[in-house]
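Chain and residue survey
The primary structure of each chain is shown beneath.
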Amino acid sequence: MPRFLPGMGRAAAGPASGRLDPAVWLFFWSAFALYFGAVVLRHTWFQTSAWDLGIFDQAVYLIGQGLPPFSSFLGFHILGDHGALVLYPLGWIDRLLPSVYTLLALQSAALASAVFPLQRLAQRRHLGPAAIRTSLWVLVLYPVVFNTAIFDFHPETLAFPLVMQAIVLIEERRRSADWQVVGCLLLALTCKVSLALLVLGFGGWLLLQGRRWLGLVLCGLAASWLLLIGGWLIPAFGGETASLSRHLGKFGLEREAGSGGGAGFVMQALGSLVGQLLSGANLSYGLLLLAPVLYLLLHNRRLGLLAGLLPFAPLLLLNLLASQASLKDLVHHYSLFLVPLLVAQVQSTLAPAGPAGRAGYPAWLRPRLLPVVVGWTLIAFVSLSRLSFFLGPFQDSLDNAPAIRQGIALVHPGASVVATNALAAHLARRPAIDLLSSRSAGNLSGADQVLVDARRASWKASPKLIRRLLRQLRADPAWSIRFQRDDVWLFERRSAAKSPTMAKSRQQ
């Protein structure tokens, strides 16, 4: 039987120890403080985005208020986006703790809590305390984990510890543990429909190892979820505007999609996808993924270690086929679920015994392996994470931040709002809000207030568009200037100011 995950032999047959090293709690709270502190700072510095933080914050708020979670950003029901059923329990939590910071705290806690199953896996492999702590450092400081933690909010981050736990349970090779694997991955599926590809990868990986029952169950679960959520729920709640064709642009297929159908379109699409698969960008992407754990290539079983990443293969293929650069970097969350597999492989090479452990590294490296791994992890974190952005690019809104805060405070809770991207991320907890774009700027009939930071460009709103909008609103007698300071403009529709909802919010 082929073994692609070191430690899956006879010695790993028993259940994992229930002992929890007290040091793991220190890692959890340190990681949580790092992730949560950084994303809160980014949010208060107006560096978060309505796309995606505003989208999910609005949906969770509406669910918590007992309202249909129709996303005014997307133009359809939130379940028509990625079929993230987990947003409903998040909405119930938000009813008790109504704040965008609740979402950010839950995301930070989920990412940090992956240290618990990883420590359990280390105990199964009989690692010493120093080796356990080394593997925990690799996890919490992996660049894509930190970058995901500070990049708005994404429901799939809640599945991160579930995937780590599934890897631990797979090693136990017990039927009761197999059912727990199914349970963990089923919960993970509620976070985003595309995670069905990861579950499919786990199923195929287990079939290659002779784990036929569990492999077939996971493959069946993944296929059923894709059909149920992708084939029924998303179209039912999202309609035509939520169809999968809206994602074609990520794969460079918009031009072909508009050129007609039939065999011509298929051939053009295939040619485009093959070209993207063989592009130099994918080589750079592969190097980026492995850079934080480059020392694995020095191990004499490097091919077996890389084979242990097979569960991520379907998601990796999707990223490789994409033309959109955000799917091929460590800044965004699209490569997040490679990390549990990579860290499990790193940890297996830290084992004191066995050919897949430290003995597989060159003799010169073995005595100093742990400090080298920690040192390289720190170098990769500083180099590839966005930590340094807090000393530069993330500060570019501080010059007029007081004016932005004052403008936001003057936006009425019941108002329908159009705002630039960074400002809209702070105003999403309302039924009606939209990003400033050429589309929304051309039709402000449904807006009560417009909030604009004219000092800098915004996603979907160029400086030229912002200047044109300011001229338009200042010249329009239907609109009045409610606030203006340091290039922050708040316009209010005169008729809206007389409405009962707006009058009530003024009194408050």
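My aim in this report is to walk through the structure given alongside it, one point at a time.

Reading the values: rules and limits
Residues numbered from 1 in each chain as written. Predicted model: local features only at pLDDT ≥ 70, side-chain atom pairs only at ≥ 80, totals over all residues. Heavy atoms only, no water. Axes fitted to C-alpha atoms, helices over the stretch in contact; angles between N-to-C directions. Helix = DSSP H or I, 4+ residues; strand = E, 2+ residues; numbered from the N terminus. Parallel < 35°, antiparallel > 145°, perpendicular 65-115°, else oblique. Left-handed = near helix turned anticlockwise from the far one by under 90°. Contact = heavy atoms within 4.5 Å. Nonpolar A, V, L, I, M, F, W, Y, C, P; charged D, E, K, R; others polar. Buried < 20%, exposed > 50% of the residue type's maximum accessible area, 1.4 Å probe, protein only. Pairing = 2+ DSSP bridges. Salt bridge = Lys/Arg side-chain N within 4 Å of Asp/Glu carboxyl O. Phe/Tyr/Trp six-rings, centres within 6.5 Å; stacked < 30°, edge-to-face > 60°. Lys NZ or Arg CZ within 6 Å of the ring centre and 35° of its normal. Patch = residues over 30% accessible without salt bridge, like charges linked within 9 Å, V, L, I, M, F, W, Y side chains within 5 Å. Areas by Shrake-Rupley, 256 points an atom, 1.4 Å probe, with all protein chains shown as cover. Lys, Arg positive; Asp, Glu negative; His and termini not counted. Charge placed at Lys NZ, Arg CZ, Asp CG, Glu CD. Core = buried A, V, L, I, M, F, W, Y, C linked by side-chain atoms within 4.5 Å.

Before going further, it helps to spend a moment on the packing of helix H6 (residues 115-124) against helix H9 (residues 160-172). It is at 9 Å that the axes of H6 and H9 come closest, and there the two elements cross at 20°. Classified by the angle their axes make, H6 and H9 are roughly parallel. Along this stretch, H6 crosses H9, giving a crossing that reads as left-handed. Only Pro161, Met164, Gln165, Ile167, Val168, Leu169, Glu171 and Glu172 of H9 make contact with H6, whose side of the interface consists of Pro117, Leu118, Arg120, Leu121 and Arg124. Classifying every residue of the contact of H6 with H9 by side-chain character gives eight nonpolar, one polar and four charged.

It is worth spelling out the pairing of strand E7 (residues 488-493) at this point. Within E7, six of the six residues are buried, which leaves it mostly tucked inside the rest of the structure. Both faces of E7 are covered, namely the face carrying Val488, Leu490 and Glu492 and the face carrying Trp489, Phe491 and Arg493. Summarising the sheet, strand E5 (residues 449-453) and E7 pair through five bridges and their orientation is antiparallel. Bridge pairing in E7 places Asp453 opposite Val488. The pairing of strand E6 (residues 479-485) with E7 spans six bridges and is antiparallel. What sits directly across from Trp479, in E7, is Arg493. Count of turn residues in the E6/E7 antiparallel hairpin: two residues, of which Asp486 carries a positive phi of about 50°.

As a further point, take the pattern of salt bridges. Should their charged atoms come close, side chains of opposite charge can pair. Counted according to the given criterion, the structure contains 16 salt bridges. Between Glu171 and Arg124 there is a salt bridge, with its nearest N and O atoms 3.9 Å apart. Here Arg124 lies in helix H6 and Glu171 lies in helix H9, a separation of 47 residues in the sequence. For the pair formed by Glu171 and Arg124, the shared burial category is buried. In the salt-bridge network here, residues are joined through shared partners; they are Asp399, Asp453, Arg455, Arg456 and Asp487.

Next up on the list: the packing of aromatic side chains. On inspection of all chains with the given rule, the structure shows 19 aromatic pairs. Judged by centre distance (6.4 Å) and plane angle (20°), the ring pair of Phe28 and Phe32 falls under stacked. Here Phe28 and its partner Phe32 are both found in helix H1 (residues 22-44), four residues apart, which amounts to about one turn of the helix. Ring-pair connections join several aromatic residues into one group, and the members of that group are Trp25, Phe28, Trp29, Phe32, Phe36 and Phe116. For Arg175, the ring lying beneath its charged end belongs to Trp213, and the centroid distance is 4.2 Å. Directly above the aromatic system of Trp51 lies the positively charged group of Lys460, at a separation of 4.6 Å from the ring centroid.

A few words now on the sheet that holds E7. Spatially, the five strands line up as an open sheet ordered E4-E3-E5-E7-E6, and their pairing is mixed. Looking at strand neighbours, the two that pair on one side only are strand E4 (433-435) and E6, the edges of this open sheet. On average, adjacent strands in this sheet sit at an angle of 15° to one another, irrespective of strand direction.

Side chains of Leu294, Leu297, Leu303, Leu306, Trp376 and Ile379 sit close together on the surface and give an oily, nonpolar patch of about 540 Å² of accessible area. Here Leu294 is to be found in the loop between helix H15 (280-290) and helix H16 (302-307). Overall, Leu294 belongs to the partly exposed group, its relative accessible area being 36%.

Another aspect to go through is the environment of Gly239. Assignment of secondary structure puts Gly239 in the loop between helix H12 (212-238) and helix H13 (254-257). Note: C-alpha distance between Gly239 and Gly80 (159 residues apart in sequence) is 7.4 Å.

Another aspect to go through is the packing of helix H10 (residues 175-189) against H12. In a packed pair of helices, the relevant descriptors are the angle between the two axes and the axis-to-axis distance. Relative orientation of the contacting elements H10 and H12 amounts to 20°, with a least axis distance of 11 Å. One finds that H10 runs roughly parallel with respect to H12. Here H10 runs over H12; the crossing is right-handed. Each of Arg175, Asp178, Trp179, Val181, Val182, Leu185, Leu186 and Leu189 in H10 lies in contact with H12, whose residues at this interface are Trp213, Leu214, Val217, Leu218, Leu221 and Trp225. Of the residues in the contact of H10 with H12, the class split is twelve nonpolar, no polar and two charged.

Looking now at a positive patch on the surface. On the surface, a cluster of positive charge is made up of Lys464, Arg467, Arg468, Arg471 and Arg474. With respect to the element layout, Arg471 can be found in helix H23 (residues 463-475).

Bringing the nonpolar core into the picture now. Among the nonpolar cores identified, the biggest contains 138 residues, and Tyr35, Val145, Phe160, Phe202, Leu218, Phe337 and Leu451 are the most heavily contacted of them. If one sorts the elements of this core by residue count, H9 sits on top with nine residues. If sequence neighbours within four positions are ignored, Phe202 has contacts with Val163, Ile167, Ile170, Leu185, Leu218, Pro311 and Leu341. Membership of the second largest hydrophobic core comes to 16 residues, among which are Leu444, Val450, Val452 and Trp479.

Turning our attention to unusual backbone geometry. Peptide bonds are trans in most cases, and residues, glycine excluded, mostly fall at negative phi. Phi at Arg173 takes a positive value of approximately 55°, unusual for a residue other than glycine. Mapped onto the elements, Arg173 comes out in the loop between H9 and H10. Even without glycine at this site, Lys460 takes up a positive phi of about 75°. Relative to the helices and strands, Lys460 resides in the loop between E5 and H23. On the accessibility criterion, Lys460 (44% relative accessible area) is partly exposed.

On to the environment of Trp45. One can find Trp45 in the loop between H1 and helix H2 (50-64). Take Trp45: its relative accessible area is 16%, and that puts it in the buried class. Residues Trp45 and Asp396, spaced 351 residues apart in sequence, show a C-alpha to C-alpha distance of 8.4 Å. Beyond its immediate chain neighbours, meaning those up to four positions away, Trp45 contacts Phe390, Phe394, Gln395, Ser397 and Leu398.

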